[in-house]
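Here's the letter readout for the chains.
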Amino acid sequence: MSSIYVDVALGIPASPPYQYSVPDALKNQVAIGKAVFVLVRNRRMMGYIVGISDTPAFPEVKEISSLPPDFPALPESFLELTRWMADAYFCGWGQCLEAALPAPFKKGKFLMKSRTAGLSKETVDSLNPEDLSLTAAQESAYQKIVESLRAKNFASYLLYGITGSGKTEIYMHLIREALKEGRGSIMLVPEISLTPQAVERFYSRFGDRVTVIHSRLSQAKRVEEWHRIRSGAATVVIGPRSAVFSPVKNLGLIFIDEEHETSYKQEDTPRYQTREVARKRCELEGAVLVAGSATPSLESFFYSEHQRSKRLELPERIEKRPLPVVEIIDMRQEYRNRGGRIFSVKLEQAIRDALARKEQVMLFLNRRGFATFLHCSSCGHVMTCENCRITLAYHYDKAALFCHLCQFRSPLVKVCPSCQKSHLHYFGIGTQKVESEALKLFPGAKIGRMDTDSTSKKNAHETILKSFKKREIDILIGTQMIAKGHDFPNVSLIGVVSADTALHIPDFRASERTFGLLTQVAGRAGRGDIPGQVIVQTSVPGHYAIQSAKHHNYKEFYEKEKKFREELFLPPYSHLAKLVVAGLSEKEVMRQALTLARLFEINAPAEGARVAGPAPCLASKEGGNFMWN
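Remember, predicted model here, so these are calculated numbers, not experimental data.

So, how was this worked out
- Residues numbered from 1 in each chain as written.
- Predicted model: local features only at pLDDT ≥ 70, side-chain atom pairs only at ≥ 80, totals over all residues.
- Heavy atoms only, no water.
- Helix = DSSP H or I, 4+ residues; strand = E, 2+ residues; numbered from the N terminus.
- Contact = heavy atoms within 4.5 Å.
- Areas by Shrake-Rupley, 256 points an atom, 1.4 Å probe, with all protein chains shown as cover.
- Salt bridge = Lys/Arg side-chain N within 4 Å of Asp/Glu carboxyl O.
- Axes fitted to C-alpha atoms, helices over the stretch in contact; angles between N-to-C directions.
- Parallel < 35°, antiparallel > 145°, perpendicular 65-115°, else oblique.
- Patch = residues over 30% accessible without salt bridge, like charges linked within 9 Å, V, L, I, M, F, W, Y side chains within 5 Å.
- Expected span 1.5 Å × (residues − 1).
- Buried < 20%, exposed > 50% of the residue type's maximum accessible area, 1.4 Å probe, protein only.
- Pairing = 2+ DSSP bridges.
- Polar contact = N/O pair within 3.5 Å; in protein donor to acceptor, adjacent residues only side chain to side chain.
- Nonpolar A, V, L, I, M, F, W, Y, C, P; charged D, E, K, R; others polar.

Undergrad: Got a minute to help me understand the overall build of the protein in this structure?
TA: Secondary structure summary: the protein contains 17 helices and 25 strands in total. The contacts of the protein with a sequence gap of at least 6 include a subset with a gap of at least 24, amounting to 74%. With an accessible surface of roughly 29700 Å², the protein has 51% of that area assigned to carbon and sulfur atoms.

Undergrad: What exactly am I supposed to notice about the pattern of salt bridges here?
TA: Side chains that differ in sign of charge can pair as their charged atoms come close. A full pass over the atoms with the stated rule returns 27 salt bridges. In this structure, the salt-bridge partner of Asp-330 is Arg-332, at a minimum N-O distance of 2.9 Å.

Undergrad: Mind showing me how you'd approach the packing of helix H14 (residues 510–522) against helix H16 (residues 554–567) here?
TA: When two helices pack together, their arrangement is given by the angle between the helix axes and the distance between those axes. Two elements in contact, H14 and H16, have axes separated by 11 Å at closest approach and are oriented at 170 degrees. Between H14 and H16, the crossing angle belongs to the class labelled roughly antiparallel. For the pair formed by H14 and H16, the contact residues are Ser-511, Glu-512 and Phe-515 on the first element and Tyr-554, Phe-557, Glu-561 and Arg-565 on the second.

Undergrad: How should a nonpolar patch on the surface be read in this particular structure?
TA: Among the surface-exposed residues, Leu-579, Phe-600 and Val-611 lie close enough to one another that they form a single nonpolar patch of about 240 Å² accessible area. The residue Leu-579 is located in the loop between H16 and strand E23 (581–583) in this model.

Undergrad: Whenever I open this one, helix H8 (residues 274–285) confuses me. Can you help?
TA: In an α-helix, one turn spans 3.6 residues, which is why side chains three or four residues apart end up on the same side. The end-to-end C-alpha distance of H8, which contains twelve residues, comes to 16 Å, matching closely the 16 Å that a straight helix rising 1.5 Å per residue would cover. Every buried residue of H8 is accounted for by Thr-274, Arg-275, Val-277, Ala-278, Arg-279, Arg-281 and Cys-282. Looking at the buried side of H8, the elements it contacts are helix H1 (76–88), strand E5 (155–161), strand E6 (184–188), strand E9 (251–257), strand E10 (288–293) and helix H9 (298–305). Among the residues trailing H8, Gly-286 stands out with phi positive, at a value near 65 degrees.

Undergrad: Can you help me understand the pairing of E5 in this one?
TA: In summary, the side chains of a regular strand alternate between the two faces of the sheet. Most of E5 sits out of view: seven of its seven residues are buried. Summarising the sheet, E5 and E10 pair through six bridges and their orientation is parallel. Its bridge partner being in E10, Tyr-160 is matched across the sheet by Ser-293. As judged from the five bridges shared by E5 and strand E11 (residues 310–314), these two strands associate in the parallel manner. Bridge pairing in E11 links Tyr-160 to Glu-313.

Undergrad: What exactly am I supposed to notice about the sheet that holds E23 here?
TA: The pairing of strands in a sheet comes from backbone hydrogen bonds and takes either a parallel or an antiparallel form. Across the sheet, which stays open at both edges, the three strands sit in the order E23-E25-E24 with antiparallel pairing between neighbours. The open sheet terminates on both sides in strands that have one partner only, identified here as E23 and strand E24 (616–622). Between one strand and the next, the sheet's axes are offset by a mean angle of 15 degrees, whatever the strand orientation. Sheet topology note: the E24/strand E25 (residues 625–628) ladder contains three bridges and is antiparallel. Bridge assignment links Glu-622 to a residue of E25, and that residue is Asn-625.

Undergrad: Which parts of the structure should I look at to understand the environment of Glu-334?
TA: Mapping Glu-334 onto the fold places it in helix H10 (residues 331–338). For the pair Glu-334 and Ser-539, spaced 205 residues apart in the sequence, the C-alpha separation amounts to 9.6 Å.

Undergrad: For this particular structure, what's the right way to read the side chain of Gln-520?
TA: Take Gln-520: it is sitting in helix H14. In terms of polar contacts, Gln-520 uses its side chain to reach the side chain of Glu-258, at 3.3 Å.

Undergrad: Which parts of the structure should I look at to understand the packing of H9 against H16?
TA: Contact geometry of H9 with H16 gives a least axis separation of 11 Å together with a crossing angle of 95 degrees. It follows from the interaxial angle that H9 and H16 lie roughly perpendicular. Across from Leu-298, Glu-299, Phe-301, Phe-302 and Glu-305 in H9, the residues of H16 making contact are Tyr-554, Lys-555, Tyr-558, Glu-561, Lys-562 and Arg-565. Partitioning the contact of H9 with H16 into residue classes produces five nonpolar, no polar and six charged.

Undergrad: Just checking my understanding: could you explain the side chain of Arg-317 for this structure?
TA: Counting through the fold element by element, Arg-317 comes out in the loop between E11 and strand E12 (325–330). We classify Arg-317 as buried; its relative accessible area is 4%. One polar contact links the side chain of Arg-317 to the main-chain carbonyl oxygen of Thr-163, over a distance of 2.9 Å.

Undergrad: Before we go on, may I ask you to explain H9 in this structure?
TA: Of all eight residues that make up H9, six are buried, and the element is covered over most of its length. Among the residues of H9, Leu-298, Glu-299, Ser-300, Phe-301, Phe-302 and Ser-304 are the ones counted as buried. Close packing links the buried residues of H9 with E5, H8, E11, H14 and H16. Phi turns positive one or two residues past the end of H9, at Gln-307, with a value near 65 degrees.

Spelled out as structure tokens, the structure:
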């Protein structure tokens, strides 16, 4: 029997596939897409066969150890997608494969039993109501996408619809059409906090054909659901970015809800952008991509103007409900008149009026904790993390200072460690501080808080949201978790405690994120029969991001922001690649960063590229390492 050699992709950083020979006893078992066990420096590792040949690449080639018996061969389109990712995001093919598969697979665990198995038959039998009727604008968008779905050719759409315009109903009509044709769908949502309410709606339409994939599932459940999807038992997958890799049979649709969200960017290797991975997968499998948002990312809207995707617009809310009135409060005047009060006169009175009418209130602040930082008024010292050099936030409920980057915890101090004087004061506000102030001002109100700290326990998201939906909470205070995707008809008032939180971060997308958050949070009001009111507190009332959000005018913001990006040669007029140099010696990190920059500057002009920096990262020290961009 002739010799067989296989190329094996391993989860080793930036490595090409390694070649191994196949023992005679295993020759009938190998196939492209199969998993294998191999030895790497005397360590047993699992990899994936991505190529087969009859010619050795080197004089001496090691043998594969074995093949796990239960692992199904990965489809060709999956291998092609992950190979494209490896090239696009500068990492190893095996790293992409491992990121796209359930974590237990790396340990060779392909069949695991879970304690739970979807919905009961009684529950399923009570579901599956008919779709709601569509408005003229919804019907027009639906028909255009359905035409592409039926043609079974790749197509990309940007569904640009104002908050409350019924994008989700279009998604569900399309999913039902795909199911009729025997095709599956993937519904991507930006984060787990949006999942419970979305899942409830999808389960009510499609029953046990729906499965939910997210990081809080047990490992056994994750593997079980992967097999349900692969077998075709589950044909509608809902989940955050990693759900884009779900092994859906005969894929017809991928939806990216709230496509502008930053959580669609993977921050660990492979550092992929979900929008691009979803697009590539749809290209490979002849599926249709639908990205939806009331505030599309600047890049997506720009590309829709240049024919990379087709833009469909939903200009009105369902039942022609009016958009909420947005009022801007200049907090500079409030501070002069009332000192450091969190709530302006207008917002405080509006909350009282809403409570008196038995209506609900949402208060938004994109910063958790009690206070931003602890500051010495004598010498100016600010308490910072000893690992990361960023300011420590005060958490009232834990009576401690926390680093939100590395989770370093420091007990409260009464004396300044720099000048030894007791002139320490808390500055800035967080969600806990807002909660504390609200409890004092509105003692009869039932107040809830939803941020990373309050939702750390399992099912905490669902518990808080269900309580709010049942009107067991009068005032819900939260970070961006409460800003998007939720639909509560009894909410009449939205208060943005500070619109400036994200505006002054040294990031060229700061204005875009501020506009998006304000528009999204404003869209939570007035979604039922009760008119909506939005009060935005800010110290920069004239900023175009805030003014455009006040008028619910995305296109006005887009034109101004686009001009700013073009002048500075920023995306979408360019692509950015960030390189980070990290190490224990700040002097050596700086030296290496300067050397690297000089090397790039020599070659960059010929490639039509520009080099910026080097400079310290925003968090210039993290986990004990100094960091430079």
